[in-house]
Amino acid sequence: MHRMLTFTQATMWLAILLALYCLTSDSHGAYSPDFCSKDLNSSVKPGFPKAINTSKPGVLKAARHSVEKFNNCTNDIFLFKESRVNKALVQVVKGLKYMLEVEIGRTTCRKTTHPHLDNCDFQTNPALKRILHCYSEVWVIPWLHSFEVPVLHCH
């Protein structure tokens, strides 16, 4: 006597076969025990810091905000400006969070004259020359034109 499967039994067997397929093969027919949890080769993961080129405009702008915060927090009579960005990471949060390692140097411009930093040369006088290594985090919300530097450590 020929026996027919009920709808429930057929659905159960289909689910079992699908699970076995996921455990034993990938899309090319080769065996891969981890097919169902494959990384889709995405280099950008939301919320995960990613290294970026230190010469990108957003990195340079973030470095400038770090230096401006440093200048506002110190009582040095001369302004400092960024001389080199050594490392940059960016993380997508509510906006962008830049994590920077920056070298900053004392310039010949005095704070009292309020010049634009691009017009300031670095000190060449050995007695006044000073270079600091800084780590900063800069939060940028581009659509609000908002910049915040919650972390800045220089030594």
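Residues numbered from 1 in each chain as written. Predicted model: local features only at pLDDT ≥ 70, side-chain atom pairs only at ≥ 80, totals over all residues. Heavy atoms only, no water.

An unreviewed UniProt entry annotates the protein as Cystatin-F originating from Mesocricetus auratus.

(A) Representation of the pattern of salt bridges. All chains considered together, the criterion is met by five salt bridges. One salt bridge connects Arg 64 with Glu 82, and the closest N-O pair in it is separated by 2.9 Å. Within this pair, whereas Arg 64 is found in helix H2 (residues 57–73), its partner Glu 82 is found in strand S2 (residues 78–93), the two being separated by 18 residues in sequence. Per residue, the accessibility class of Arg 64 equals that of Glu 82, and both read buried. Taking the shortest distance from any N to any O, the salt bridge between Asp 76 and Arg 106 comes out at 2.5 Å. Residue Asp 76 is located in the loop between H2 and S2, and its partner Arg 106 is located in strand S3 (residues 95–110); the two are separated by 30 residues in the primary sequence. Both residues of the pair, Asp 76 and Arg 106, belong to the buried class. (Salt bridge = Lys/Arg side-chain N within 4 Å of Asp/Glu carboxyl O. Helix = DSSP H or I, 4+ residues; strand = E, 2+ residues; numbered from the N terminus. Buried < 20%, exposed > 50% of the residue type's maximum accessible area, 1.4 Å probe, protein only.)

(B) Structural view of the state of the cysteines. This model, assessed by the stated rule, comprises two disulfides. Put simply, Cys 109 and Cys 120 are joined by a disulfide, and their sulfur atoms are 2.2 Å apart. With the S-S bond torsion at -110°, the cross-link from Cys 109 to Cys 120 turns out left-handed. Of the two residues, Cys 109 sits in strand S3 while Cys 120 sits in the loop between S3 and strand S4 (131–141), which places them eleven residues apart along the sequence. (Disulfide = S-S within 2.5 Å.)

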